[in-house]
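For reference, the chains in residue letters:
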Amino acid sequence: MRLRTKAEILRPIKYAKRSGILGGVRDLVRQLNAAGASDIGFIYYSGHGAAEKDTNINYLIPIDAKALSTTAFWDDSVKLDDVQRLLDGASSAAKFIVFDACRNELQLPTKDTGKGLVPVADQQGMFIAYASAPGRTASDKGDHSGPYAAALASELARLGLDHLNLFQNVKERCCPCTQAVG
Amino acid sequence: MMRAVVALMLLVLMPSAAHAEKRFAILIGNQSYDSSLGISKNPLKGITVVGDALAHQG
């Protein structure tokens, strides 16, 4: 696993709307395809996330999202599937998505909303790490960042771990602080 | 399925002397949502600490 070695940060994307999130993913795909074979793409998302109960689809919630009671809430949000499909365009690269979402401050008053995210089958060449277990929320507590971000940063700084060990360690470090189970 | 994914990842991630691997990252941090969605105060700090860890390892 080479993830922990130096990566070029394309640009931090803050307060992102739908087009900002998808545009960032497109930039990443463009860079990966320009760079050539056996490269690595890494997406870290921290913000609100939710799963729609009726469809079991996972969503990244854009910054300008409004009331949850409307179907527009879902239509204006970003499907994790769409992020994955865009990333498939970088066919020769290994891709990592870290989903530090479903913060436990998220208020979801409508009954058709499953708080948290449903599991997604990993696609070939793609690894998805979740800060929270399916249907659960992730903690937003911590002085400097959420516990998942802090655990990920310190595991990235360690040498000699492959990516499966790395993400397993992050989970173990993180779990006492979050409501995640299993 | 998982085994196939792991095997593929190992292949893809295998270092190659002929090709210097490049790594690219995008970091997305969303906070300050409409108050009806609840407050989260750490995502921007999160992308900073994760970004620093990714960028400064060598």
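Data block above holds the structure.
Keep in mind that what you see is a predicted model, and the values were worked out from it rather than measured.

Enquirer: I would appreciate a short explanation of the overall build of chain A in the present structure.
Expert: Per the secondary structure count, chain A includes 5 helices and 8 strands. N-terminal to C-terminal, the α/β element order of chain A is β-α-β-β-β-α-β-α-β-β-β-α-α. By sequence separation, contacts in chain A at least 24 residues apart represent 64% of the contacts at least 6 residues apart. Surface accessibility of chain A: about 7600 Å² in total, with carbon and sulfur atoms responsible for 49%.

Enquirer: Looking at this structure, how should I read the sheet that holds strand β1 (residues 23-29) of chain B?
Expert: Within a sheet, each strand pairs with its neighbour through backbone hydrogen bonds, oriented either parallel or antiparallel. Spatially, β1(A)-β1(B)-β2(A)-β6(A)-β8(A) is the arrangement adopted by the 5 strands of the open sheet, whose pairing is parallel. Two strands close off the open sheet at either side, each with one partner strand: β1 (8-14) and β8 (126-130) of chain A. Neighbour to neighbour, the strand axes of the sheet diverge by 10° on average, direction disregarded. For strand β2 (residues 40-46) of chain A and strand β6 (residues 94-100) of chain A, the ladder comprises 7 bridges, and the chain directions are parallel. Considered in β6 of chain A, the bridge of Y44 of chain A is made with V98 of chain A. On top of the sheet, helix α1 (residues 18-35) of chain A reaches β1 and β2 of chain A together with β1 of chain B; it is set at about 175° to β1 of chain B, its chief contact.

Enquirer: Just checking my understanding: could you explain empty space enclosed by the protein for this structure?
Expert: A water-sized probe rolled over the atoms picks out the places where empty space is left. Here the structure, examined in full by the defined rule, presents 1 cavity of 30 Å³ or more. Along its surface, the largest cavity is lined by I21, V25, I43, Y45, L60, V83, I97 and F99 of chain A together with I28 of chain B. Listing elements by their share of the lining of the largest cavity, those giving two or more residues are α1, β2 and β6 of chain A. Looking at the lining of the largest cavity residue by residue, the class counts come to 9 nonpolar, no polar and no charged.

Enquirer: For this particular structure, what's the right way to read the packing of aromatic side chains?
Expert: What describes a pair of aromatic rings is the distance from one ring centre to the other and the angle between the planes of the rings. Residue and element names in this part refer to chain A. Across all of its chains, the model carries 7 aromatic pairs over all chains by this definition. Ring geometry for Y59 against W74: centres 4.8 Å apart, planes inclined by 50°, an arrangement best described as tilted. Linking Y59 in strand β4 (residues 57-60) with W74 in helix α2 (residues 71-75), this pair joins segments that are 15 residues apart in sequence. On the basis of relative accessible area, Y59 is assigned to the buried category, the value being 4%.

Enquirer: Before we go on, may I ask you to explain the nonpolar core in this structure?
Expert: If you look at the biggest cluster of nonpolar residues, it comprises 38 residues, and the most contacted ones within it are L60, I61, V83, L87, I97 and F99 of chain A. Going through the elements one at a time, α1, β2, β4, α2, α3 (80-88), β6 and β8 of chain A together with β1 of chain B are the ones with two or more residues in this core. For this core, the element with the highest residue contribution is α1 of chain A, accounting for 7 residues. Leaving out residues up to four positions away in the same chain, I97 of chain A has contacts with I43, L80, V83, Q84, L87, M126, F127, I128 and A129 of chain A. Counting residues in hydrophobic clusters, the runner-up holds 28 residues, among them A94, V98, A151 and A153 of chain A.

Cut-offs used in this document
- Residues numbered from 1 in each chain as written.
- Chains lettered and ligands numbered in written order.
- Predicted model: local features only at pLDDT ≥ 70, side-chain atom pairs only at ≥ 80, totals over all residues.
- Heavy atoms only, no water.
- Helix = DSSP H or I, 4+ residues; strand = E, 2+ residues; numbered from the N terminus.
- Contact = heavy atoms within 4.5 Å.
- Areas by Shrake-Rupley, 256 points an atom, 1.4 Å probe, with all protein chains shown as cover.
- Pairing = 2+ DSSP bridges.
- Axes fitted to C-alpha atoms, helices over the stretch in contact; angles between N-to-C directions.
- 1 Å grid on protein atoms, 1.4 Å probe; cavity = no way out; pocket = protein on both sides within 12 Å on 5 of 7 lines; lining within 4 Å.
- Points joined across faces, edges and corners; volume = space filled by probe spheres on them.
- Nonpolar A, V, L, I, M, F, W, Y, C, P; charged D, E, K, R; others polar.
- Phe/Tyr/Trp six-rings, centres within 6.5 Å; stacked < 30°, edge-to-face > 60°.
- Buried < 20%, exposed > 50% of the residue type's maximum accessible area, 1.4 Å probe, protein only.
- Core = buried A, V, L, I, M, F, W, Y, C linked by side-chain atoms within 4.5 Å.

The quantities given are spatial measurements derived from coordinates; they are silent on function.
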